[in-house]
Amino acid sequence: MQRANFQMGKRVAISRSVRAVLGADSSSRLTEKFSLDQNIELQVDVGPMALGHGIVVNIQAIINSSSLLLHWGVLRSQNNQWTLPQKRPVGTMVYKNKALRSPFIRTGSLASLSIEIDDPAIDALEFLIFDEANNKWFKYNGGNFHVKLSNAVLETPGVSVPEDLVQIQAYLRWERNGKQNYSTEKQKEYEAARMELLDELARGTSVTDLRAKLTRSSGTSQSKEQRVSESKSSIPDDIVQIQAYIRWEKAGKPNYSPEQQMVEFEEARMELQVELEKGASLDDIRKKITKGDIQSKVSEQMAKKTYSRGERIQRKKWDLMSLLTKYTPESVGEKLPTEPTTLSAIQRFSALMEDRIDESLATKKIYKFGEKELLVLVAAKSSGNIKVYLATDIEEPVVLHWALSTKPGEWAAPPSTTLPADSVPLEQAVQTKFTLRSVEFQPFKVQYLEITIEDENFVGMPFVLLSGGSWLKNNGSDFYINLKIESKKSSEDKVLDGTGTAKSLLDEISELESEAQKSFMHRFNIAADLMEHAVDAGELGLAAILVWMRYMATRQLIWNKNYNVKPREISKAQDRLTDILQDSYKSYPQYREIIRMIMSTVGRGGEGDVGQRIRDEILVIQRNNDCKGGMMEEWHQKLHNNTSPDDVVICQALIDYIQSDFDISKYWKTLNDNGITKEHLLSYDRAIHSEPNFGMDQKGGLLRDLGNYLRTLKAVHSGADLESAIANCMGYRAEGEGFMVGVHVNPVPGLPLGFPDLLQFIMEHLEDKNVEAILEGMLEARQDLRPLLFQTNNRLKDLLFLDLAIDSAFRTALERGFEELINASPEKIMYFISLVIENLSLSVDNNEDLIYCLKGWNLALTMLKSGDSHWALYAKSVLDRTRLSLASKGESYHQLLQPSAEYLGTQLGVDNSAIAVFTEEIIRAGSAASLSLLLNRLDPILRQTAHLGSWQIISPVEVVGYVVVVDKLLSVQDKQYSKPTILVANSVKGEEEIPDGAVAVLTPDMPDVLSHVSVRARNSKVCFATCFDGNILTSIQTKEGKLLRLKPTSSDVVYSEVKDDELSSQDSLNDDLPSPSLTLVRKQFLGRYAISSNEFTSEMVGAKSRNIAYVRGKVPTWVNVPTSVALPFGVFEEVLSNNVNKDVANKLQVLKKDLEEGNFDALGEIQNIVLELSAPVDLVKELKEKMQISGMPWPGDEGAERWEGAWMAIKKVWASKWNERAYFSTRKVKLDHDYLCMAVLVQEIVNADYAFVIHTTNPSSGDSSEIYAEVVKGLGETLVGAYPGRALSFVCKKNDLNVPQILGYPSKPFGLFIRPSIIFRSDSNGEDLEGYAGAGLYDSVPMDEEEKVVLDYSSDPLIIDANFRNSILSKIAHAGSAIEELYGSPQDIEGVVKDGKIYVVQTRPQM
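What counts as what
Residues numbered from 1 in each chain as written. Predicted model: local features only at pLDDT ≥ 70, side-chain atom pairs only at ≥ 80, totals over all residues. Heavy atoms only, no water. Buried < 20%, exposed > 50% of the residue type's maximum accessible area, 1.4 Å probe, protein only. Helix = DSSP H or I, 4+ residues; strand = E, 2+ residues; numbered from the N terminus. Contact = heavy atoms within 4.5 Å. Axes fitted to C-alpha atoms, helices over the stretch in contact; angles between N-to-C directions. Parallel < 35°, antiparallel > 145°, perpendicular 65-115°, else oblique. Left-handed = near helix turned anticlockwise from the far one by under 90°. Nonpolar A, V, L, I, M, F, W, Y, C, P; charged D, E, K, R; others polar. Phe/Tyr/Trp six-rings, centres within 6.5 Å; stacked < 30°, edge-to-face > 60°. Pairing = 2+ DSSP bridges. Salt bridge = Lys/Arg side-chain N within 4 Å of Asp/Glu carboxyl O.

Asker: It is not clear to me how helix H16 (residues 592-600) should be interpreted in this structure. Could you clarify?
Answerer: Because the α-helix completes a turn every 3.6 residues, residues three or four places apart line up on one side. With eight of nine residues buried, H16 lies mostly within the body of the structure. The set of residues buried in H16 consists of Arg592, Glu593, Ile594, Ile595, Arg596, Met597, Ile598 and Met599. The elements touched by buried residues of H16 are helix H14 (539-553), helix H15 (567-587), helix H25 (772-785), helix H26 (796-816), helix H29 (871-908) and helix H31 (918-924).

Structural data, given as structure tokens:
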């Protein structure tokens, strides 16, 4: 790389002097420019932060790439290792815990990124630039860019400027600049004022002199500076704040920036200062402000543009990559404390009892009374009886006061047959004394009691304790034991151990539930207390809180139990919880998605006045509208006792009832639609028995007052309600009336320009039938909001609730708009899909794949509009990728949430049906479900337009068999079917074996035509096809157990039922038929550890190595063949017999014997044992010599660690002899596994742009006149391995190789890329057998780890450049034709493309 203007060393060092730092003029910033490549320029700019202390490093690059990343870290004092600062740009992800990767934001060809440094301990920033799409690094002379940061910028020790002087200086700067309205480009004024004053101090001016200079008078009149200074000290800020608010109201409530607010604040102070100068006292001023008598020189701002009902907003051109949020995924496992805990006496007694109880343990709870505890164990006996065990370490005598219940909450006297000794029956209860019990080998005693309950009609056991004359309760409530334990068993059997959960936190939640169910105040306060534990437990801890809160929100848990709580206490508890969630959202960006989900289950809360209004306002409504009895009084009592989110629904139901001219069915419809039944109304502690009954004279007043009341209820309970969320962000006032308090909510500062009008547009169009415009408006609002969600703001939760509300409203509007799409054009459906993906990308983290899907849909729309004939084919590939992305997100949710939902749901007695669908319901509540419906609607249109049909035929074989439906082919690959079987498998990934007896595999999955399982199917004459039509596949699945005939054509599968007696002898499996005669010849070690390619023979290596050596020099010169060496047959066995590996050989012998006896778990253990082998000195010496003679780099030249990496890769190839797929495959054809020998082919890795596989005879049709090939981006492992999605596929007629025909565009979401390295390929004698597809069974292992990159096809020239695509695909076809001509038979060829050049890495006969 060339440095402009001056010479540099190994690093680029950018430093600044203190003088330069303190200067306020932008010219004092340091800017340096570099040339990275011929057409790439880099600019690094270092300067002070606009607001606050610190440095901002701005990095800009002019580059034609959409996937530029800054790979960076910082250096601290006395430390040359990179550390990772906490303050990071949006979208930053941690890379292997060693560096940060931050995405650049693109605007046209300019990519920019800003990094703020506010830690004085940071000395320097170092970075590299990585072009992810092209797998290219930009360095400085082979090293890091190095930006030196001056500590003086961050913090000047001992030097600071009083804030009042900074404020005066900022005001003076504002006056000098003509009192202009600040725009977003001029929001640096305040900090610039500070820098000017720091500059004065640096010149030697004292703070006293500085104050005098700023406040001195000129002539006889007092200066503005002096008045500002005096006003600062003489007028209290609370009065100034009120006056500033009045000015803001008079100005039309504009959205001021923080700097504008500062100016307004000082203008308000000046106005009050004028009143003081007129002789008014502060008390006089307070009274005048209340009456509005103080003159304000402010005029209402010009009304901004509003949108008419028929108008659409003009959307900005957003950079889609700015939506990127990428975080390193956590390993799913609970973070447990490392310090051992000391068990209490009761905990130790519980452990002893659990070991001794023969029955199935159903419940275990430990309750605390200060330092004392009570243990409750409930067990189910095989006879059906229930046994309850109780124990306590209370020292004074204890009496159990208890009863039984046939329904929850009931106290009924137990039958006499149930009473233990020392029981005294009472009217509706029994009192039983605990007995003192010694514990074997333990230094403590407990008081103990057992109760056996034989009657199955009892569902629970309420009780309290009596000790020392005092009643002991469960936090003020009765204890209650649930005796109905049978319904839990199905879930409990599976998740009782809590695997995959934050178990300790879930146990704590379970113990606290009896307290939490008293009221929302209790629940929210407990949740707030548990948040620290949750964050410490990581993502699983927050999943526990989410599961608990969602069970609450969906009414699976009790909302209120015999406890009277004031509404303001509920809102205060909500406020506390949401404040903690807000702080966690700021501090832990990797958890933002799940924190958003938690917030969506919790109301916003608010100041006490907002909550208190719920209680007060209902009284005002009753008084104003003369409705003090009946349903309104019952509701009033319920509201006073314990308000809940149900009250929002009840209020809306009343409004709907009144608006319909008192149609009572409307009231019940609104309630029932929201899950509130008559029984539910009766279940409240203050039950609602009556229906509403109003007169026409009350209609107007009630609609007005209930409408206002609904806003109050939503302000507390409905954080995600759009209207209340907007009000909380834009600010509102609700005046008090009589005893009812008023509410004043200030607007959130710093909202984007024009944002209020955008929200107004949304509210006006919210109910539009045609939803396209409103969807666009909501997305624009969310895009505007997004930057604010990543900034520090004490009103952040209001912004989050607004974003959640818009997201929710988007889904509602979209579902309403489905009617609009019934007969819509493909273009409109595709556009709607793009809108939904944009909305989803704004809601979830790790959204890179979704963003590239969105870019893909935008490209598909462009192709459609431009008349590109490939638009439908390309759109189908984007649709398939989008489905894969949704499936991946669903799987991640299920893995994270479902174990916690099952464990906690079982503990709390949640209905099994609610537990089973927990994660499914969360997914269904989001945009993903709507997106899936849109994809299903578009899919058949694309298939018809692109002439794809409903099937892709991978192996066209006519068969007859019995239908068997399975979830995964992998789960049955080792099974042997006794009858000819047609398998319908929901999941086929590509690496599975086809089980014995299977004559067909049908799947909705999309394995590549050239994947292992596809090759297997064709070789074994098994019908194999992908079905794209869910209705067709469902129809076949319904015929499970029936005999079907399948007749594949080139693009369809015709199926029909046949009778059992029509099963012909050739269709049946006949065990008496001889198996194919396949034998392996054991290969011997011939005294060579390594050989060159000119030494490859059938006694030394397999066909893979021999073929690549044969091709070299015999194909056209433009077909490149990499240099190769090999570790021949017998080397593994020789290494194993070496004395240094004696222990490994002994262990291996024992495990092989276990394997012969049918212990297949030994396969994994054998592979691990092989990895323990040590390399003999002679092997290292010979391999080094052969690689160097062949011109290949020797890994050991880069250090011992690099050789160890190469040696481990060799051992992994050998170990793959014992992978499950390979082992069972040899067993199936009765090959002697011991005779299987493994040579290792060693090649340099070509760092590929693309990889391809060619079959020189079309495998789907058997047409030898055309070549079939598949191409992927990056390394070929994604093509032949079990990676989701399809490759680009094409055919080419051999008589016209320059005209490739695209069959399908790629949908694989990931590509693999690697640094220059060595690959070690398996080459066994089992891959050479005619009639046996041994290829692909064993592993090829690169020395270095591949990097998995999310692919952006919308910028890939293979997709968007028809000339480039035609050139590359034609070259691939020509290479295949040349190699087939060389061998004279159909070939299966693997290769790569690098910089337009073709490389062939292996070829073998096509099976």
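Picking up after the structure, the text goes on.
Asker: I tried to follow the environment of Gln428 on my own but got confused; where do I start?
Answerer: Mapped onto the elements of the fold, Gln428 is located in the loop between strand S18 (423-425) and strand S19 (430-433). For the pair formed by Gln428 and Glu410, sequence separation is 18 residues and the distance between their alpha carbons is 9.7 Å. Beyond its immediate sequence surroundings of up to four residues, Gln428 is in contact with Ala403, Trp411, Ala412 and Ala413.

Asker: Sorry if this is basic, but what is going on with the packing of helix H13 (residues 520-536) against H15 here?
Answerer: Angle between the axes and distance between the axes: these two values describe a pair of packed helices. Where H13 meets H15, the axes come as close as 7 Å, and the angle between the chain directions of the two elements is 15°. When the interaxial angle is binned, H13 and H15 end up roughly parallel. Two packed elements cross with a definite hand, and for H13 against H15 that hand is left-handed. Here Phe520, Met521, Phe524, Asn525, Ala527, Ala528, Asp529, Met531 and Val535 of H13 lie close against H15, whose contacting residues are Glu569, Ile570, Ala573, Gln574, Arg576, Leu577, Ile580, Leu581 and Ser584. Of the residues in the contact of H13 with H15, the class split is 12 nonpolar, three polar and three charged.

Asker: Is there a simple way to explain the packing of aromatic side chains in this structure?
Answerer: Between two aromatic rings, the relevant description is the distance of the centres plus the angle of the planes. Inspection of the entire model under this criterion finds 27 aromatic pairs. With centroids separated by 6.2 Å and ring planes inclined at 50°, the aromatic side chains of Tyr140 and Phe145 adopt a geometry described as tilted. An identical accessibility class is assigned to Tyr140 and Phe145; each is buried. Summarising the aromatic geometry, the rings of Tyr1250 and Phe1364 are spaced 6.5 Å apart at their centres and angled 50° between planes, so their arrangement reads as tilted. Of this pair, Tyr1250 sits in strand S38 (residues 1250-1255) while Phe1364 sits in helix H44 (residues 1362-1383), placing them 114 residues apart in sequence.

Asker: Is there a simple way to think about the pairing of strand S46 (residues 1387-1394) in this case?
Answerer: Every regular strand shows the same layout, with side chains that alternate between the two sheet faces. Taken across its eight residues, S46 has seven buried, putting it largely inside the fold. Here S38 runs beside S46; their pairing, made up of six bridges, is antiparallel. Within S46, the residue paired with His1255 across the bridge is Asp1388. Pairing of S46 with strand S47 (residues 1397-1405) involves eight bridges; the strand directions are antiparallel. Its bridge partner lying in S47, Val1393 is registered against Ile1398.

Asker: Sorry if this is basic, but what is going on with unusual backbone geometry here?
Answerer: Leaving glycine out, the prevailing phi sign among residues is negative, and the prevailing peptide bond configuration is trans. For Phe662, which is not glycine, the phi torsion reads 70° and is therefore positive. As for its position among the elements, Phe662 is in the loop between helix H19 (646-659) and helix H20 (664-673). Residue Phe662 is classed as buried on the basis of its relative accessible area of 17%.

Asker: Looking at this structure, I do not really get the pattern of salt bridges. What am I missing?
Answerer: Opposite charge on two side chains allows them to pair when their charged atoms are near. Per the counting criterion, the structure on display carries 54 salt bridges. Here Lys387 makes a salt bridge to Glu450, at a shortest N to O gap of 3.4 Å. One end of the pair, Lys387, is in strand S16 (residues 386-392); the other, Glu450, is in strand S21 (residues 445-453), and 63 residues separate them in sequence. Given a relative accessible area of 15%, Lys387 falls into the buried group. For Glu450, a relative accessible area of 32% corresponds to the partly exposed category. Here Arg1202 ties to Asp1344 by a salt bridge, and the two come within 2.4 Å at their closest N and O atoms. In this pair, Arg1202 sits in helix H40 (residues 1200-1215) while Asp1344 sits in the loop between strand S44 (1341-1342) and strand S45 (1347-1350), placing the two residues 142 residues apart along the sequence. Given the relative accessible area of 14%, Arg1202 is considered buried. Linked through salt bridges whose partners overlap, the residues forming this network are Arg315, Lys316, Glu780, Asp784 and Glu838.

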